[in-house]
2 protein chains.
Amino acid sequence: MNILELMENISAPSPVKVIVLAIDGLGGLPDPDTGKTELESARTPNMDRLAFEGSCGLMDPIRPGITPGSLPGHLAIFGFDPLNYTIGRGAMEAIGTNFDLQAEDIVARGNFATINKENIILDRRAGRITTEIAMGLCQLLDGMEIEGVKLIVRPVNDYRFIVVFRGEGLASGVSDSDPQQNGLAPRKIMPLNVPAEKTAKIANKFIAKARIVLNKHHPANMILLRGFSKRPQFPSMTEIYKIKIAAISTFPMYRGLASLVGIEILDTGPSLEDEFVTLEKYYPDYNFVFLHIKQVDTAGEDGDFGRKTKLIEEVDQLLGKVIKLNPGVIVVTSDHSTPATMALHSWHPVPVIIRSKLSRADKLNKFSESTCLRGGLGKFPAIYLMPLIMAHAQKLGKFGA
Amino acid sequence: MNILELMENISAPSPVKVIVLAIDGLGGLPDPDTGKTELESARTPNMDRLAFEGSCGLMDPIRPGITPGSLPGHLAIFGFDPLNYTIGRGAMEAIGTNFDLQAEDIVARGNFATINKENIILDRRAGRITTEIAMGLCQLLDGMEIEGVKLIVRPVNDYRFIVVFRGEGLASGVSDSDPQQNGLAPRKIMPLNVPAEKTAKIANKFIAKARIVLNKHHPANMILLRGFSKRPQFPSMTEIYKIKIAAISTFPMYRGLASLVGIEILDTGPSLEDEFVTLEKYYPDYNFVFLHIKQVDTAGEDGDFGRKTKLIEEVDQLLGKVIKLNPGVIVVTSDHSTPATMALHSWHPVPVIIRSKLSRADKLNKFSESTCLRGGLGKFPAIYLMPLIMAHAQKLGKFGA
C-alpha cells in the first residue's frame with residue numbers, strides 16, 4: 001500500500017482548519033560575511049513564536065541531494081512522490097503556463113530554431129529570441145486546423161512555446177522532432193504505436209506548414225517539437241483527504257499544478273499583501289488553504305541576499321494575519337531551498353513548523369534551518385508533510401485495529 | 001531486497017541475550033499545567049540510567065503522521081512493514097482474541113444488528129449489546145455444520161464476534177453482507193472468483209439460519225458479516241533471525257500476533273509483577289525475549305495522566321529485575337504514543353533506548369521524548385528496530401564482501 005492509498009483509507013472530515021504558508025525557496029545558505037542564512041538574518045517574530053509553540057523539523061523535498069524544479073517540489077508537499085507521479089515534458093510546460101489542458105489533448109514542448117537551406121539546425125534556440133518576438137510568431141502559428149484537429153500554439157518564455165493538438169483519435173506515443181543538438185536535421189516524427197499514427201502524421205504536417213509560415217522570420221525560421229504528452233491523471237486531493245481545499249498563488253505554474261491535484265484556485269492580486277487579503281476573504285469557506293509566496297524564491301534566484309531577507313521579514317509580518325485567524329493548524333514551510341549565494345534552487349533541506357494544540361512543543365527560540373534540525377519532527381521526506389498535517393488536524397483515523 | 005530478506009541473509013546465532021521491554025502507549029504529550037509528558041513527569045531512575053549508558057532515539061511506528069492500531073504498531077517493532085504485511089479484517093479480529101486460526105480457515109468479522117420486518121437495517125450494532133449478551137448469542141450460533149463445513153462462532157466484545165468457516169474447498173474472495181450503513185438491506189454475499197463460490201453459498205446459508213435462530217432476540221435479530229480472510233502467512237522470526245525467541249504478554253491481541261510471526265508465547269499471570277517473574281523464570285531458556293506491558297496504554301486511553309505516570313514508575317522499578325539479569329542488550333521502547341490528554345493512540349514518535357556494550361552512549365540524564373530527540377539513534381522508522389537490536393547483539397554479519 002502506498003502512502004496516498006493509506007491516506008484515502010484513513011482520512012475523515014473534521015472541523016479543524018488548516019493554513020499552510022508555502023514560502024517558495026525559503027531555505028538558504030550562510031552569507032560568508034555574517035555566517036547567517038537569509039532566514040537567520042531576518043527578523044521574524046511571528047515565525048519564531050510558532051517555532052516555539054509548535055513542532056519543527058527539516059524536510060528533504062525529493063530525496064537527499066536532489067534539487068527540485070518547481071513542479072516536483074510542490075508535488076511532494078501535496079503528498080505525491082515526484083518519482084512516481086511524473087509529468088511529460090509537454091504537459092509540464094502547459095501546466096507551467098496554467099494552460100487549460102483537456103483530458104484528451106496532446107501537448108508538445110516547442111523551440112523556435114534556426115535552420116540553413118540544407119535543413120541543418122544551426123541553433124536550437126533561434127538566438128534566444130525574446131518572449132515578445134516569440135509571442136508574435138506563436139500568433140502566426142496558432143489556430144490551424146489539420147484533418148479536423150485544432151492546433152493551439154502558446155508562448156512560454158524566450159524561444160519556448162507549447163503546441164496543443166485538440167481533436168479525435170490522438171495519442172501521445174510519438175517520437176520527437178528535436179534531435180537535441182545542433183548540426184543535425186530535424187527528425188521526422190514517428191508513431192511509437194498504432195494509436196499514435198494520426199498524431200505523428202498531423203505533427204509532421206504542422207511542422208511543414210510552420211516552416212513555410214516562418215520562412216522569412218530568421219533566426220526563428222523553424223520549430224522543433226518534443227515531449228508529446230497528455231494531462232497526467234492524478235488523484236484528487238479533495239477525494240483522497242475528504243477536505244475542501246483551496247490554494248492562493250500568483251505563480252501560473254503553481255496554479256496549474258494545484259488544479260491538477262484537485263485543489264481549487266482562488267483569484268488574488270499580484271502583491272504579497274493581496275494574497276493575505278484573499279486568505280482572509282475566503283478563509284470561512286474552506287478547511288484547508290495553501291498560501292504560496294513566490295517572491296522569496298525569485299529574490300534567491302536573482303542572488304539578492306538582502307532582498308530575500310527583507311521579503312522574509314515582510315511575509316513574517318503578514319503571517320500575523322494568519323495567526324489572528326487562529327486556525328487549528330498553522331504550517332510554515334517551503335518547497336525547496338534557493339540560497340542567494342547560489343542564485344539557484346538547491347537540494348538543502350527546508351525548515352518546517354507545524355503548530356497545533358497537538359504538537360509536542362519544541363520551544364525553539366528562532367525559526368531557522370539550524371534550529372529546526374533540533375525539532376521534534378526530525379528530518380523527513382516532504383511527502384510526509386500532508387500525513388503530519390492531517391494528523392495534527394485530527395483528520396486521520398487509526399491504521400489497523 | 002527488502003529488509004526482512006536482508007535480515008535472513010545476514011543474521012547468525014550469537015550467545016548474546018536480548019530483552020526488549022515494549023511499554024504499550026508509552027509516548028505522550030505534555031500536561032498543559034506542567035508542560036511535561038507522562039514520561040517526563042515520572043520518576044524513572046532505571047530507565048534514566050539505561051538512557052545514560054545506551055543509545056537513544058525516536059521511532060515513527062508506521063510513517064510520519066500515521067496513528068497505528070495495536071496490530072500494525074507491534075508488527076513494525078517485529079520488523080514487518082505494516083503497509084506491506086496486511087491482515088484481513090476477519091483475521092485481525094481472530095488474532096485480537098488469540099483464536100487458534102488454522103491455515104485453511106476462512107474467518108469473517110461479524111456484528112449483531114437490528115433489522116425490521118422489511119429486512120432493513122435499523123442499527124448495525126444492535127444497540128451496542130454487552131459482551132455478556134453477545135456471548136450467549138454466539139453460543140446459539142456456534143457449532144453448526146453446513147455442507148460439511150464447520151462454523152465456529154466466538155464473541156469479541158460488545159456486539160462484535162467472529163465466525164470461522166472450517167472445511168474443504170473454501171476461499172476468502174467473497175463480498176461483505178454488511179453494507180456499512182443503516183437504512184439498507186443486508187447484502188447477499190457474492191463470490192469474487194470461482195474458487196470462492198462454495199464459501200459464498202455457505203455464508204449465505206449460515207446468515208439465513210442465524211436469522212431464524214435470532215428471530216426472538218431483538219435488538220440482536222440479525223448478523224452482518226464482512227472482511228472474509230485467511231490467517232496471513234508471515235515469515236517466522238525464529239527462521240529469519242535464527243534466534244530462540246519468546247514473548248510475555250497479558251494482551252490476547254499481542255499473543256495472537258506474536259505467534260503469527262513465529263514467536264513462542266510464555267504463560268504468565270495478570271499483574272505487572274507476574275510478567276517480570278515469568279521473565280526471570282524463562283530467561284535461561286531463550287536468547288531473545290519481548291516483555292509487553294499493556295497497562296500503561298490502557299491508562300492513556302482512559303485519559304488518566306496520573307495513573308499512566310504512576311504505572312510508568314512501577315514498570316521502572318520492575319525494570320530493576322531486567323538490569324539484574326544483565327542481558328547483553330536491553331531495549332526499552334513502545335509501539336505507539338497514547339497521550340492521556342488525547343485519550344487515544346496517536347502518531348507522535350516514541351522514545352527508544354538500546355543499551356549494550358556496543359552502543360555509543362548518549363549520556364542523556366533522563367529518558368523522555370524530548371531527550372531522545374538528541375540521541376544517537378536519531379529518528380527512524382520502527383521497522384529498523386530489529387536490525388539495530390540484532391546488530392547490538394552481534395547477531396548480524398556484514399552485508400556484502
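Residues numbered from 1 in each chain as written. Chains lettered and ligands numbered in written order. Predicted model: local features only at pLDDT ≥ 70, side-chain atom pairs only at ≥ 80, totals over all residues. Heavy atoms only, no water.

### Let's talk about the overall build of chain A
1) Next: Looking only at helices and strands, chain A features 14 helices and 14 strands.
2) Next: Taking 21 Å as the expected radius of gyration for a compact globule of 401 residues, we find that chain A reaches 23 Å, a close match to that expectation.
3) Next: With the principal axes as the frame, chain A shows a C-alpha extent of 70 × 55 × 35 Å.
4) Next: Expressed as a percentage of the 401 residues in chain A, the buried residues total 57%.
5) Next: A fraction of 73% describes how many contacts in chain A between residues 6 or more apart in sequence connect residues 24 or more apart.
6) Next: Put simply, chain A shows about 15,800 Å² of open surface, and 52% of that area lies on carbon and sulfur atoms.
7) Next: Within chain A, the 44 negative side-chain charges are centred at a point lying 3 Å from the centre of the 45 positive side-chain charges. (Helix = DSSP H or I, 4+ residues; strand = E, 2+ residues; numbered from the N terminus. Rg over C-alpha atoms; globule rule 2.2 N^0.38 Å. Buried < 20%, exposed > 50% of the residue type's maximum accessible area, 1.4 Å probe, protein only. Contact = heavy atoms within 4.5 Å. Areas by Shrake-Rupley, 256 points an atom, 1.4 Å probe, with all protein chains shown as cover. Lys, Arg positive; Asp, Glu negative; His and termini not counted. Charge placed at Lys NZ, Arg CZ, Asp CG, Glu CD.)

### Considering the packing of aromatic side chains
1) Next: Following the criterion strictly, the structure yields 18 aromatic pairs over all chains and no others.
2) Next: Ring geometry for Phe165 of chain A and Phe206 of chain A: centres 6.4 Å apart, planes at 75°, overall edge-to-face. Of the two residues, Phe165 of chain A sits in strand S7 (residues 160-166) while Phe206 of chain A sits in helix H7 (residues 197-214), which places them 41 residues apart along the sequence.
3) Next: On the basis of relative accessibility, which here comes to 0%, the residue Phe165 of chain A falls in the buried class.
4) Next: Ring centres of Phe165 of chain B and Phe228 of chain B lie 5.8 Å apart, and the angle between their planes is 50°; on these two criteria the pair is classed as tilted. (Phe/Tyr/Trp six-rings, centres within 6.5 Å; stacked < 30°, edge-to-face > 60°.)

### So, helix H14 (residues 385-392) of chain B
Residue and element names in this part refer to chain B.
1) Next: Of all eight residues in H14, six are buried; the element is thus mostly enclosed.
2) Next: If you check which residues of H14 are buried, you get Leu385, Met386, Pro387, Ile389, Met390 and His392.
3) Next: Gln394 sits one or two residues past H14 and shows a positive phi near 55°.

### Some words on the relation of the copies chain A and chain B
1) Next: Rotating chain A by 124° and translating it 0.6 Å along the rotation axis places it on chain B, where the RMSD comes to 0.2 Å. In symmetry terms, the pair is related by a three-fold rotation axis. (Least-squares fit on C-alpha atoms with pLDDT ≥ 70 in both.)

### Side note on the environment of Ile23 of chain B
Residues and elements named next belong to chain B.
1) Next: The residue Ile23 is located in strand S1 (residues 18-23) in this model.
2) Next: Overall, the relative accessible area of 1% leaves Ile23 in the buried class.
3) Next: Ile23 sits 292 residues away from Val315 along the chain, and the two C-alpha atoms are 8.5 Å apart.
4) Next: Residue contacts for Ile23: discarding those within four places in its chain leaves Met47, Ile293, Val296, Val315, Val332, Thr333, Ser334 and Asp335.

### What about the nonpolar core?
1) Next: With 69 residues, the main nonpolar core has Phe78, Phe80, Met237, Phe288, Phe290 and Ile389 of chain A as its most contacted residues.
2) Next: When residues of this core are assigned to their parent elements, the largest contribution, six residues, is made by helix H14 (residues 385-392) of chain A.
3) Next: Beyond its immediate sequence surroundings of up to four residues, Phe290 of chain A is in contact with Val20, Ile77, Phe78, Met237, Ile245, Ala246, Ala247, Ile248, Tyr254, Ile263 and Met386 of chain A.
4) Next: In this structure, Leu4, Ile152, Ile240 and Ala258 of chain B belong to the second largest nonpolar core, which totals 57 residues. (Core = buried A, V, L, I, M, F, W, Y, C linked by side-chain atoms within 4.5 Å.)

### Focus: the interface of chain A and chain B
1) Next: Between chain A and chain B, the contact holds 24 residues from the first and 29 residues from the second.
2) Next: Taken together, both faces of the contact between chain A and chain B bury some 2,100 Å²; the carbon and sulfur share is 66%.
3) Next: Looking only at chain A, the three residues that lose the most surface to chain B are Arg360, Phe399 and Ala401 of chain A, adding up to 36% of its buried area.
4) Next: Applying the counting rule to chain A against chain B returns zero salt bridges.
5) Next: Residue assignment for the side of chain A that touches chain B shows that the elements contributing at least two residues are helix H1 (3-10) and H14 of chain A. (Buried area = accessible area lost by both parts, 1.4 Å probe. Salt bridge = Lys/Arg side-chain N within 4 Å of Asp/Glu carboxyl O.)

### Observations concerning the pairing of strand S6 (residues 149-155) of chain B
Residues and elements named next belong to chain B.
1) Next: In terms of strand pairing, strand S5 (residues 145-146) meets S6 through two bridges, oriented antiparallel. Across the sheet, Ile146 pairs through a bridge with Val149, a residue of S6.
2) Next: If you look at the hairpin formed by S5 and S6, you'll find two residues sitting between the two strands, and Glu147 has a positive phi there, around 50°.
3) Next: Examined bridge by bridge, S6 and strand S7 (residues 160-166) share six bridges and lie antiparallel to one another. Across the sheet, residue Leu151 finds its bridge partner in S7, namely Phe165.
4) Next: Two successive antiparallel strands, S6 and S7, enclose a turn made up of four residues, where Asp158 displays a positive phi of approximately 50°. (Pairing = 2+ DSSP bridges.)

### Describing the packing of helix H6 (residues 131-141) of chain B against helix H7 (residues 197-214) of chain B
The relative placement of two packed helices is expressed as an angle between their axes plus a distance between the axes.
Residues and elements named next belong to chain B.
1) Next: Direction vectors running N to C along H6 and H7 enclose 125°, while the axes themselves pass 10 Å from each other. One element, H6, and the other, H7, form an angle in the oblique class. The hand of the H6/H7 crossing is right-handed. In this structure, H6 uses Leu137, Leu140 and Leu141 to contact H7, whose residues at the interface are Phe206, Ala210, Val213 and Leu214.
2) Next: Looking at side-chain class alone, the contact of H6 with H7 contains seven nonpolar, no polar and no charged residues. (Axes fitted to C-alpha atoms, helices over the stretch in contact; angles between N-to-C directions. Parallel < 35°, antiparallel > 145°, perpendicular 65-115°, else oblique. Left-handed = near helix turned anticlockwise from the far one by under 90°. Nonpolar A, V, L, I, M, F, W, Y, C, P; charged D, E, K, R; others polar.)

### Focus: the side chain of Asp297 of chain B
Residue and element names in this part refer to chain B.
1) Next: With respect to the helices, strands and loops of the structure, Asp297 is situated in helix H11 (residues 295-301).
2) Next: We classify Asp297 as buried; its relative accessible area is 0%.
3) Next: Here the side chain of Asp297 touches Lys294 through a polar contact of 2.8 Å, side chain to side chain. (Polar contact = N/O pair within 3.5 Å; in protein donor to acceptor, adjacent residues only side chain to side chain.)

### A closer look at the sheet that holds strand S12 (residues 329-333) of chain B
All names here are of chain B.
1) Next: With mixed pairing, the eight strands of this open sheet are ordered in space as S10-S9-S11-S1-S12-S13-S2-S14. On the outer flanks of this sheet lie strand S10 (264-265) and strand S14 (378-381), each paired with one strand and no other.
2) Next: Pairing between strand S9 (residues 245-248) and strand S11 (residues 288-293): four bridges, direction parallel. In the sheet register, Ile245 faces S11, and the bridge partner there is Phe288.
3) Next: Taken strand by strand, helix H10 (residues 272-282) contacts S1, S9 and S11, and its axis lies near 175° from that of S11.

### Concerning the environment of Leu122 of chain A
Residues and elements named next belong to chain A.
1) Next: The topology assignment puts Leu122 in strand S4 (residues 121-123).
2) Next: As a C-alpha pair, Leu122 and Pro219 span 97 residues in sequence and 9.4 Å in three-dimensional space.
3) Next: Look past the residues within four positions of Leu122 in its chain and what remains in contact with it is Thr114, Ile115, Asn116 and Asn182.

### Some thoughts on the packing of helix H3 (residues 45-53) of chain B against helix H12 (residues 305-325) of chain B
Residues and elements named next belong to chain B.
1) Next: It is the contact of H3 with H12, at a shortest axis distance of 7 Å, that shows an interaxial angle of 60°. With respect to H12, the element H3 is oriented oblique. Counting all contacts with H3, which are made through Pro45, Asn46, Met47, Arg49 and Leu50, the residues of H12 involved are Ile312, Val315, Asp316, Gln317, Leu319, Gly320 and Ile323.

### What to know about H10 of chain B
All names here are of chain B.
1) Next: Every buried residue belonging to H10 is among Leu272, Glu275, Phe276, Thr278 and Leu279, and all of these are buried. Axial view of H10: buried residues confined to an arc of 155°, hence all on one face.
2) Next: Residues of H10 that are buried in the fold lie against S1, S9, S11, H11 and H12. (Arc of directions from axis to C-beta.)

### Considerations on the sheet that holds strand S2 (residues 55-60) of chain A
Residues and elements named next belong to chain A.
1) Next: Ordered by their spatial adjacency, eight strands build an open sheet running S10-S9-S11-S1-S12-S13-S2-S14, and the pairing between neighbours is mixed. Since the sheet does not close on itself, it has two edges, and those belong to strand S10 (264-265) and strand S14 (378-381), each with one partner.
2) Next: With five bridges connecting them, strand S1 (residues 18-23) and strand S12 (residues 329-333) associate as parallel partners. In the strand pairing of S12, Val20 is matched with Val331.

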